Amino acid sequence: MFFVLRVVARCCLAAACLLAAPAMALDTVTLQLRHAHQFQFAGYYAAQELGYYQDAGLAVRIVEGANGNEPEREVIAGKAEYGTGSSSLLLTRMAGKPVVVLGVIFQHSPYALAMRQTGGDPDIRRLIGRRAMIGSLTDDLGNADELLAYLSKEGVPASSFQRVEHSFKPEDLINDKVAAMAVYTTNEPDTFDRLGFPYDIYSPRAVGIDFYGDNLFTSEQEIANHPARVRAFRAASMRGWQWAMSHQEEMADLILSKYSRRADRQHLLYEARQMVPLVQPVLVEVGYMNPERWRHIADVYASQGLMPKNARFDGFLYQRDRGGPGLPWLNRALVGAALLLVLGLAIHFSRLARERKRALDTIRTGEQRFRTMFEASPLGIALIDSVTYEYRDINARYQEILGRSQHELRALRWLAVGHPDDIVQVKAQMALLTTRRISSFKSVSRLFRPDGSLAWVEVSVNAIEAVAGGPALHLCMIEDVTDKKHSEQLIWRQANFDTLTQLPNRRMFLDRLAHDMLKSQRDRTRLAVLFIDLDHFKEVNDTLGHQQGDVLLVEAARRIGACVRKSDTVARLGGDEFTVILTALETPDHVERIAQAILQRLLQPFSLDHEQAFVSASIGITLYPDDALDIDDLLKHADQAMYAAKGAGRNRYSYFTPTLQVAALNRMRLTNDLRGALKARQFELYFQPIVHLASGAIHKAEALIRWNHPQRGVVSPLEFIPLAEASGLIIDIGDWVFHESVRWARLWRQECHPDFQVSLNQSPLEFQREGGAYQGWLRHLEALALPGQALVVEITEGLLLDASSAVSTRLLQLRDAGIQVALDDFGTGYSSLSYLKKFDIDYLKIDRSFTCNLAPESSDMALSEAIIVMAHKLDLHVIAEGVETPEQRDLLAAAGCDYGQGYLFAKPMPAAAFDALLRDNAMPFAEPIVKVN
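This structure is a prediction, so every number in the text was calculated from the model and none was measured. For every chain, the first residue of the written sequence is number 1, and numbering continues from 1 onward in sequence order. For a predicted model such as this one, the threshold for reporting local features is a pLDDT of at least 70, and the threshold for listing and counting side-chain atom pairs is 80 or more; totals across whole chains, interfaces and linings nevertheless cover every residue. With hydrogens and water excluded, all non-hydrogen atoms of the structure serve as input to the side-chain values.

Q: Would you mind going over the packing of aromatic side chains in detail, with residue names and values included?
A: In summary, the pairing rule links any two rings of Phe, Tyr or Trp, Trp by its six-membered ring, whose centres are within 6.5 Å, and it sorts them by plane angle into stacked for under 30 degrees, edge-to-face for over 60 and tilted for everything else. In total, this model carries 27 aromatic pairs according to the counting rule given. Ring centres 5.7 Å apart and planes at 55 degrees place the aromatic pair Trp492 and Phe497 in the tilted group. Since its relative accessible area comes to 46%, Trp492 is described here as partly exposed. Using a 1.4 Å probe on the protein chains alone, a residue whose accessible area is under 20% of its type maximum counts as buried, one over 50% counts as exposed, and one in between counts as partly exposed. Classification of Phe497 as buried rests on a relative accessible area of 11%. Ring geometry for Trp748 against Phe756: centres 5.7 Å apart, planes inclined by 75 degrees, an arrangement best described as edge-to-face. Classification of Trp748 as buried rests on a relative accessible area of 0%. Members of the aromatic cluster, connected to one another through ring pairs, are Phe687, Trp744, Trp748, Phe756 and Phe914.

Q: Outline the sheet that holds strand E12 (residues 391-394), supporting the account with residue identities and numerical values.
A: Strands sit in the order E12-E11-E15-E14-E13 across an open sheet of five strands; the sheet is antiparallel. Taken across any chain shown, the strands that pair with only one partner, and hence form the sheet edges, are E12 and strand E13 (440-448). For this sheet, the mean inter-axis angle between neighbouring strands, taken without regard to orientation, is 25 degrees. Any two strands are treated as partners once DSSP identifies two or more bridges connecting them. Comment: elements are numbered from the N terminus, with helices defined as DSSP H or I runs of at least four residues and strands as E runs of at least two. Summarising the sheet, strand E11 (residues 380-385) and strand E15 (residues 473-480) pair through six bridges and their orientation is antiparallel. Comment: axis = line fitted to C-alpha atoms, over the contacting stretch for helices; angle = value between 0 and 180 degrees taken between N-to-C directions.

Q: Talk me through the pattern of salt bridges; I want residue IDs and the actual numbers.
A: For this document, the term salt bridge refers to a Lys or Arg side-chain nitrogen within 4 Å of an Asp or Glu carboxyl oxygen. Summed over the entire model, instances satisfying the criterion amount to 42 salt bridges. Here Glu400 makes a salt bridge to Arg397, at a shortest N to O gap of 3.1 Å. Residue Glu400 and its partner Arg397 are both found in helix H15 (residues 396-402); the two are separated by three residues, about one turn of the helix. Given the relative accessible area of 54%, Glu400 is considered exposed. Using a relative accessible area of 22% as the deciding quantity, one classes Arg397 as partly exposed.

Written out as structure tokens, the structure is:
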């Protein structure tokens, strides 16, 4: 610990000296880049922004380039001291221009050739006889030479194709203006991927042509005149590169904020990731260059006739230990400093004895203060041997975070309790630290506590200046961020996974689908999207409660997941809707096998709290890229296919077809037309008589809506009512039907009989809507002085399953106003006696499926008789629908049925025709109306 304090004191003294000294002027130099600002030059930006250049006494001006050879021209002309260039710098040197390579940044060239994929095996010879953009035609070859050497070696000499001026626009390749274009593997492929363009990359490395990429260079004049400045500039630049390659995200943000916004952040990070295998910052010291590699490059140039064979290029590679001219001013300064030192010693020697005791006291006080700070620090701090990884000193917080005593830690080695996946990265950074290529680093790592739990820590490691003859040490500071990490993971999981089933949610599903579509495009494979909707799930929720419904959803998710591979994705979009992504499909029947397996698994009973529930599934299937090329269309088609399966009877799967798309477009257009139909007065009310079977008189009529479409003609309610319900237009249409029915009921009660009734159907959406809907109806009836008995509201059995108080409240509201209620299609649904007793129902309407098959001694006759007897026992009246023959009428009348409705009496007809029917005494069943008891 005393050593650490001495180091701190020494650093403080040095800082004080620097502050006291007059500010030194910085040398201004220019670095000329090859191209516009991008991640390709990140190391120089890092050296600039982190102050590495300033620490080296340099003020560096970084200038963008317009083309690849601009740095060579500027440095040779003396307009820039430093530049970045390709391996063609060797040709420049052999041409007699005094350029010197200071260091290699890209150990492998990113230059390559891109061509469109054709479906067969990649073949560079497809370029013969076609056009290609390779380098500039008006400037020196630059990078083009390595590609031309590659093509020549592959049997495609420059004379076999047409070179055109490089536009640097990927669209020219995409639009087939050229057959091939030279690209940087760190740049254009990202553009191709985003545009969905299928491409092949041809690299010279495939035939053993392995050039260096970007190189930092200067001139012989700069080295001769300013050797110290060259060394300082090179060291600061390499330090910047090391930092940039290990802090890619920070560099991307820096480039966007200070240098260029031509590329977005995603592209900058793509460029950074592609640079890692080219720069190789972990395996090779940034700046390292191998003379044998340059000899290889020279041999390639020689094979192309660009330079003599076995040519020497002495002086082309910078020697870091080469000397320069003497520094007489430094010698004079040192002599002066020595004289001043002697003079100072002479003056102050007499005071040393007196000050020594005071200095020792100050040191002891400082040691005690720093020791207190060390022990009380909120950070865990440890002093560690850089070679053996033994602990030299550990504070209490460090022990607390690791959950181990000082004795236990001293028996261990640093990193012994680290997570294996994190140790590799830390050791790589330590290798740079011990070789003094970096002075510190930070990372986030995981450590194992004695109980086996993991602790997340932010680690900061700094090199410590070693005392002469002493061991190399480093200072490790850690902060416990476990809670923060857990919170981040929880937030991420909540944002991407369904909290009930733990399946991916819509956001994660869309992300995975986009990724799988891109992979499918590259691999030229198919994928399938399955939309799964549980049939009859609402009934489970309504009867057993939402808690049991959630249990069913969790089990359904498990069953679906068991039917697919681990590489596939099962997601829950919400409610009872699930989706599946099936990737890398080998055969079409693979999709069908999985869909059939899902249907069979979901048909099995679900055990829910001593009850068993049964559901099935409707599955819609769509294929990529057969059915659609983008996510929105793919999901829309899967949804259409799922509704087709549901409409075909449920418990089945359906593939998307163009016919479904046409039907969906028709539904959309019909819905759009429906929005203006009410305003355009295209609706018309028809009436069908309801006849009193005992007397043959018309006591009532059912109001039925018809839509007279201007182009389609009469549209069936079976076609447009579901669209009206789905779009919410059913509310306004229902109000129109009410007002029209009331108008005609008032007329017929005044002119035909005072007890005449009109029945109108109510959609469940109308009946269940919030607010005082029926209050408006009652006010309108009151304004017309028309009693509620003039109307009968027909509802379905499904409404009565809703246990909410809202249904009971609305039924009571109708009863109190005198409006009667009829239960439509009785006998085909739940036919529960309990709700007949619970709710105020006035009429049961026997469904036409029973009436059409009536015959003496038939089961339908027995069921109809039972319904009639039961209804009369409960003081309900019975209306039989679908009466078409006199025999059916007579059987129903004999069984005691009160009313009949059907084609035997009359088809639904316009209001005017029905009005004439009521007034026509010649009709056999239009006898004087008998008042309903």
